[in-house]
Amino acid sequence: VAVDFPDRIVTCQIWRADVGRVPLYLLDSNVLDNAASDQGITDSLYSGDEEMRIRQEMILGIGGMRALTALGIAPTVCHMNEGHAAFLAVERIRRFMEEHGCQATVNGNVFPTHTPVPAGFDLFHPAVLERYLGRTASDVGLSFADFAKLGRAGTDERFNMALLAMETSNHVNGVSKLHATVSRGMFADRWPAFPEDEVPIEAITNGIHTGTWIGRKMAQLFDEHLGEGWRVAPEDPASWAETKKIPDEALWSAREDQRAELIRFVR
């Protein structure tokens, strides 16, 4: 798949890894078609200067949507995990305009924000944003000034990727009750007409698949002391009622055994 940069096109190949029954698709810019300076764009996360970050996020968002199209996958809902992928919303708008002549994509985007500190959100200066996304803004029928407003709040002129994700999503949530409360305070300027405790950022607590998460030694210990309830109804507090009766020595021994297994695996 190809992504347009200011003076060149960067090509990425797609790798597929089957993780159990889930296909995971990965984008890789390390192909001979690209200049040497572009082959390392996808090498690492959260690294590089401002220009490298915007290149990475164009590959992730715009390139990611194009990769799905190339694979014949047409998602009805896209989850933007943090603001890093927010450019996918712009690519969805561009494609929707090509196919239907309108920008009606907001209902198909969801933004779960994870980072409760301002430093966790990428910010781009207007000149960098215009150099890389100016033509894309035109493609979706916006002047650059109007496009830049999608990622701005308050007096900060920099483009905030989290705000872009919020502006182009139908639903925004934090990953715990406390995190949603903190996020409402961080982004209250985005919704000036709302009291802070009514800012529309909901709380959805992250969970795990208990049977896969718990190691073998610990699972055996739970089977012995808790019965099968923890496996069949892990969401029921009653399934864990006997946990405090597990001897400290047995619990610590299972933990140490699992640590040792990890060390052996790593070695």
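Please refer to the structure placed before this passage.
Below: a short report on this structure.

What counts, and at which threshold
- Residues numbered from 1 in each chain as written.
- Predicted model: local features only at pLDDT ≥ 70, side-chain atom pairs only at ≥ 80, totals over all residues.
- Heavy atoms only, no water.
- Helix = DSSP H or I, 4+ residues; strand = E, 2+ residues; numbered from the N terminus.
- Buried < 20%, exposed > 50% of the residue type's maximum accessible area, 1.4 Å probe, protein only.
- Contact = heavy atoms within 4.5 Å.
- Axes fitted to C-alpha atoms, helices over the stretch in contact; angles between N-to-C directions.
- Parallel < 35°, antiparallel > 145°, perpendicular 65-115°, else oblique.
- Left-handed = near helix turned anticlockwise from the far one by under 90°.
- Nonpolar A, V, L, I, M, F, W, Y, C, P; charged D, E, K, R; others polar.
- Patch = residues over 30% accessible without salt bridge, like charges linked within 9 Å, V, L, I, M, F, W, Y side chains within 5 Å.
- Areas by Shrake-Rupley, 256 points an atom, 1.4 Å probe, with all protein chains shown as cover.
- Salt bridge = Lys/Arg side-chain N within 4 Å of Asp/Glu carboxyl O.
- Phe/Tyr/Trp six-rings, centres within 6.5 Å; stacked < 30°, edge-to-face > 60°.
- Lys NZ or Arg CZ within 6 Å of the ring centre and 35° of its normal.
- Pairing = 2+ DSSP bridges.
- Disulfide = S-S within 2.5 Å.

## Quick look at the environment of Gly-61
Link 1 in the chain: With respect to the secondary-structure elements, Gly-61 resides in helix H1 (residues 50–70).
Link 2 in the chain: Note on Gly-61: relative accessible area 0%, which makes it buried.
Link 3 in the chain: Sequence spacing of Gly-61 and Arg-92 is 31 residues, and the spatial spacing of their C-alpha atoms is 9.6 Å.
Link 4 in the chain: Here Gly-61 is in contact with Ala-85, Phe-87 and Leu-88, once residues within four sequence places are set aside.

## Quick word on the packing of helix H2 (residues 87–100) against helix H3 (residues 126–139)
Link 1 in the chain: At a minimum axis distance of 9 Å, the contact between H2 and H3 shows a crossing angle of 30°. Here H2 is positioned roughly parallel relative to H3, judged by the angle of their axes. You can see that H2 and H3 cross each other, and the crossing is left-handed. On H3, the residues that touch Phe-87, Val-90, Arg-94 and Met-97 of H2 are Leu-129, Leu-133, Thr-136 and Asp-139.
Link 2 in the chain: Residue composition of the contact of H2 with H3, by class: five nonpolar, one polar and two charged.

## Describing a nonpolar patch on the surface
Link 1 in the chain: A contiguous nonpolar patch, built from Trp-15, Val-19, Val-22, Leu-24 and Leu-26 and spanning about 470 Å² of accessible area, is present on the exposed surface.
Link 2 in the chain: Top contributing element to the nonpolar patch by residue count: strand E4 (residues 22–28), with three residues.
Link 3 in the chain: Inspection of the secondary structure assignment puts Val-19 in strand E3 (residues 13–19).

## Regarding the packing of aromatic side chains
Link 1 in the chain: Scanning the model with the defined rule gives six aromatic pairs in all.
Link 2 in the chain: Relative to Phe-187, the ring of Phe-121 has its centre 5.3 Å away and its plane inclined at 70°; by these criteria the two rings are edge-to-face. Residue Phe-121 is located in the loop between strand E6 (109–112) and strand E7 (123–124), and its partner Phe-187 is located in the loop between helix H6 (177–186) and strand E10 (202–203); the two are separated by 66 residues in the primary sequence. A single burial state applies to Phe-121 and to Phe-187, both of which are buried.
Link 3 in the chain: With a centroid separation of 5.7 Å and 15° between ring planes, the pair formed by Phe-147 and Phe-159 is classed as stacked. Of this pair, Phe-147 sits in helix H4 (residues 144–149) while Phe-159 sits in strand E8 (residues 159–160), and the two are twelve residues apart along the sequence.
Link 4 in the chain: By the ring-pair criterion, three or more aromatic residues cluster together here, those being Phe-222, Trp-230 and Trp-240.
Link 5 in the chain: The residue whose ring lies beneath Arg-190 is Trp-191, and the NZ or CZ to ring-centre distance is 4.6 Å.

## Let's talk about the pairing of E4
Link 1 in the chain: One ladder, built from seven bridges, connects E3 with E4; its direction is antiparallel. Along E4, the bridge assignment pairs Ile-14 with Leu-27.

## Re the pattern of salt bridges
Link 1 in the chain: One pass over the full model with this rule turns up 19 salt bridges.
Link 2 in the chain: Across the pair Asp-146 and Lys-149 runs a salt bridge, and its minimum N-O distance is 3.7 Å. Linking Asp-146 with Lys-149, this pair stays in helix H4, spanning three residues, or about one helical turn.
Link 3 in the chain: Classification of Asp-146 by relative accessible area gives partly exposed; the value is 38%.
Link 4 in the chain: What makes Lys-149 exposed here is its relative accessible area of 55%.
Link 5 in the chain: Three or more residues are tied together by salt bridges with common partners; here these are Arg-66, Glu-91, Arg-94 and Glu-98.

## Notes on the sheet that holds strand E5 (residues 78–79)
Link 1 in the chain: Strand order in the open sheet made by the four strands is E5-E6-E9-E10, with parallel pairing throughout. This sheet does not close on itself; its edge strands, each paired only once, are E5 and E10.
Link 2 in the chain: Alignment of E6 against strand E9 (residues 171–174), held across three bridges, turns out to be parallel. Bridge assignment links Val-110 to a residue of E9, and that residue is His-171.

## Quick word on the state of the cysteines
Link 1 in the chain: Taken as a whole, this structure holds zero disulfides when the rule is applied.
Link 2 in the chain: For the unlinked cysteine Cys-12, the closest cysteine sulfur is that of Cys-78, found at 18 Å.
Link 3 in the chain: Residue class for Cys-12 comes out buried when judged on its relative accessible area of 3%.

## As for the packing of helix H8 (residues 216–226) against helix H10 (residues 248–266)
Link 1 in the chain: At a minimum axis separation of 8 Å, H8 and H10 run at an interaxial angle of 160°. When the interaxial angle is binned, H8 and H10 end up roughly antiparallel. Counted together, Arg-216, Lys-217, Met-218 and Leu-221 of H8 and Ala-250, Leu-251, Ala-254, Arg-255, Asp-257, Gln-258 and Glu-261 of H10 form the full contact between these two elements.
Link 2 in the chain: A class-by-class count of the residues in the contact of H8 with H10 yields five nonpolar, one polar and five charged.

Just distances and angles here, no functional claims.
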